[in-house]
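Topology and contacts: notes
Okay, here's what each chain looks like letter by letter:
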Number of protein chains: 2
Amino acid sequence: MARTAGSHSQITGPRVRAAALKLFSDQGFAAVSMRAIAQEVGVQVGALYNYTRDKQTLLFDLMQSHMDTLLRAFEDNPQAAADARLQHFVTFHIAFHHDRPDAVFIAYMELRNLTPDNFARIETLRRRYEDRLEAILRDGVAQGAFDIVDTKITTLAIIAMLTGVNTWFRPEGRLSLVDVQTQYWDMVRKLVS
Amino acid sequence: MARTAGSHSQITGPRVRAAALKLFSDQGFAAVSMRAIAQEVGVQVGALYNYTRDKQTLLFDLMQSHMDTLLRAFEDNPQAAADARLQHFVTFHIAFHHDRPDAVFIAYMELRNLTPDNFARIETLRRRYEDRLEAILRDGVAQGAFDIVDTKITTLAIIAMLTGVNTWFRPEGRLSLVDVQTQYWDMVRKLVS
DNA sequence: GTCTATATAGTGATAGAC
DNA sequence: GTCTATCACTATATAGAC
């Protein structure tokens with residue numbers, strides 16, 4: 001879509017982020033040029049630098065924004081039964097990740113393209129999310145609801161299992177998302193019992 | 001390591017593959033230049049083309065070789081008890097993937113950098129491996145040893161869970177690989193019961 | 001805010017000398 | 001089999017016109 005000169009700051013910023021999200025997810029950060037992002041947005045390449053300091057910052061902002069959204073979206077209730085809290089985590093994780101496959105893909109695949117500083121910041125956020133799940137498992141063990149050898153390993157195993165749904169689930173497929181949530185909760189429930 | 005002109009076909013070929021494996025794993029296929037591979041090997045860039053038609057073929061050969069090795073390495077015994085076969089799969093998968101983290105990383109992360117034809121070939125091999133696990137689960141259900149709602153989903157969930165070990169396991173860490181194998185088998189065993 | 005033009009450097013791949 | 005030199009492009013980022 002060709003554009004002529006003019007002011008579009010209100011809409012161009014989000015469009016740059018959306019274009020980068022899509023292209024980074026499809027082709028990978030290193031394979032996507034600033035020119036390709038500009039073309040997707042419909043501006044010339046120079047205009048992008050009104051919205052990001054450089055390409056690295058663009059990637060970091062996308063990942064940080066994703067992790068912030070994740071941490072804010074998950075609401076745990078430490079007063080509830082551990083079983084209910086774990087079921088909530090499972091269904092939440094599957095639904096949240098299903099809703100934003102591009103951001104999830106980038107957050108897992110482009111870690112090595114972050115500068116060391118940026119990498120450390122994203123890892124801190126990821127750790128914080130894992131700790132939310134581990135707290136549930138620990139409380140469940142303390143209450144006698146769960147039988148778990150090592151809550152840290154179980155945390156990582158459950159998250160890997162749940163996140164894997166994104167690699168194969170298709171809405172037009174054999175199963176609905178609710179089916180998937182139900183089956184994964186069934187597996188997780190048995191895994192911690 | 002500087003080299004002068006001469007014949008080294010016996011050793012250069014494997015060195016090119018080893019260098020590409022390491023660099024693709026560390027930085028990603030798109031971020032690695034043929035010049036960087038040549039420098040790692042210790043030759044000039046033109047010499048690489050005696051060992052690969054182009055960069056894409058180099059990537060494909062690495063992934064195909066990894067999947068071939070995986071399929072040949074896993075030996076199932078359909079006569080044995082489903083429980084023992086599943087335990088063997090779990091310990092095998094963890095050990096095999098632990099032994100070659102670079103190849104595993106590439107096989108999962110660089111799929112989108114394959115041409116459509118090459119992608120289809122790798123996917124066929126991956127599917128074949130998944131089918132080996134699903135056959136075990138199916139037989140176990142038929143024998144009444146396992147209680148599984150959907151063998152396909154359970155297959156994908158188990159593989160995602162096991163492969164996730166590579167993202168965090170460090171030999172110098174708190175747990176030995178045998179500890180990890182034991183704990184994952186414990187989780188998988190409960191998951192299918 | 002967006003444009004065009006440009007600086008500077010790097011890319012994959014090939015040709016031909018040795 | 002490896003080297004050097006080169007082609008034709010593409011890359012990120014910036015400067016200054018409008």
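Provided above is the structure to which this section pertains.
The sections below set out a description of the structure shown in this document. (Residues numbered from 1 in each chain as written. Chains lettered and ligands numbered in written order. Predicted model: local features only at pLDDT ≥ 70, side-chain atom pairs only at ≥ 80, totals over all residues. Heavy atoms only, no water.)

Time to look at the overall build of chain A. Along chain A, the regular secondary structure elements total 10 helices and 0 strands. Helices and strands appear in chain A in the N-to-C order α-α-α-α-α-α-α-α-α-α. Judged by the C-alpha coordinates and their principal axes, chain A covers about 65 × 40 × 30 Å. A buried classification covers 48% of the 193 residues belonging to chain A. A fraction of 67% describes how many contacts in chain A between residues 6 or more apart in sequence connect residues 24 or more apart. As displayed, chain A offers around 9,500 Å² of accessible surface, 51% of which is attributable to carbon and sulfur atoms. Seen as two clouds, the 22 positive and the 22 negative side-chain charges of chain A have centres 6 Å apart. (Helix = DSSP H or I, 4+ residues; strand = E, 2+ residues; numbered from the N terminus. Buried < 20%, exposed > 50% of the residue type's maximum accessible area, 1.4 Å probe, protein only. Contact = heavy atoms within 4.5 Å. Areas by Shrake-Rupley, 256 points an atom, 1.4 Å probe, with all protein chains shown as cover. Lys, Arg positive; Asp, Glu negative; His and termini not counted. Charge placed at Lys NZ, Arg CZ, Asp CG, Glu CD.)

What follows concerns the side chain of S25 of chain A. By secondary structure assignment, the location of S25 of chain A is in helix α1 (residues 9-27). A residue is classified by how much of its surface remains accessible, and S25 of chain A, at 8% relative accessible area, is buried. If near-sequence neighbours (up to four positions away) are discounted, S25 of chain A is found in contact with A20, D102, F105 and I106 of chain A together with R112 of chain B.

A word on the nonpolar core. In this structure, F24, I37 and Y184 of chain A together with F24, I37 and Y184 of chain B are the most contacted members of the largest nonpolar core, which totals 114 residues. Discounting chain neighbours no more than four positions away, the residues touching F24 of chain A are F29, V32, I37, K55, L58, L59, L62, I106 and E110 of chain A together with R112 of chain B. (Core = buried A, V, L, I, M, F, W, Y, C linked by side-chain atoms within 4.5 Å.)

This part covers the relation of the copies chain A and chain B. Of the transformation superimposing chain A on chain B, the axial component is 0.1 Å and the angular component is 180 degrees, with the fit at an RMSD of 0.0 Å. Each copy turns onto its partner about a two-fold axis. Here 100% of the contact residues of chain A are again contact residues in chain B; the copies associate through an equivalent surface. (Least-squares fit on C-alpha atoms with pLDDT ≥ 70 in both.)

With that settled, the discussion passes to the protein's contact with DNA strand D. Close contacts around DNA strand D come from 20 residues, with R35 of chain A together with T12, Q44, N50 and Y51 of chain B the closest. If you look at DNA strand D and keep only atoms within 4 Å of the protein, 73% of those are sugar or phosphate atoms. The side chain of T12 of chain B places a nitrogen or oxygen atom 2.8 Å from a phosphate oxygen of DNA strand D. For DNA strand D, a phosphate oxygen lies 2.5 Å from a polar atom in the side chain of Y51 of chain B. Tallied by class, the residues present in the surface near DNA strand D amount to 6 nonpolar, 9 polar and 5 charged. (Near = heavy atom within 4 Å. Polar contact = N/O pair within 3.5 Å; in protein donor to acceptor, adjacent residues only side chain to side chain. Nonpolar A, V, L, I, M, F, W, Y, C, P; charged D, E, K, R; others polar.)

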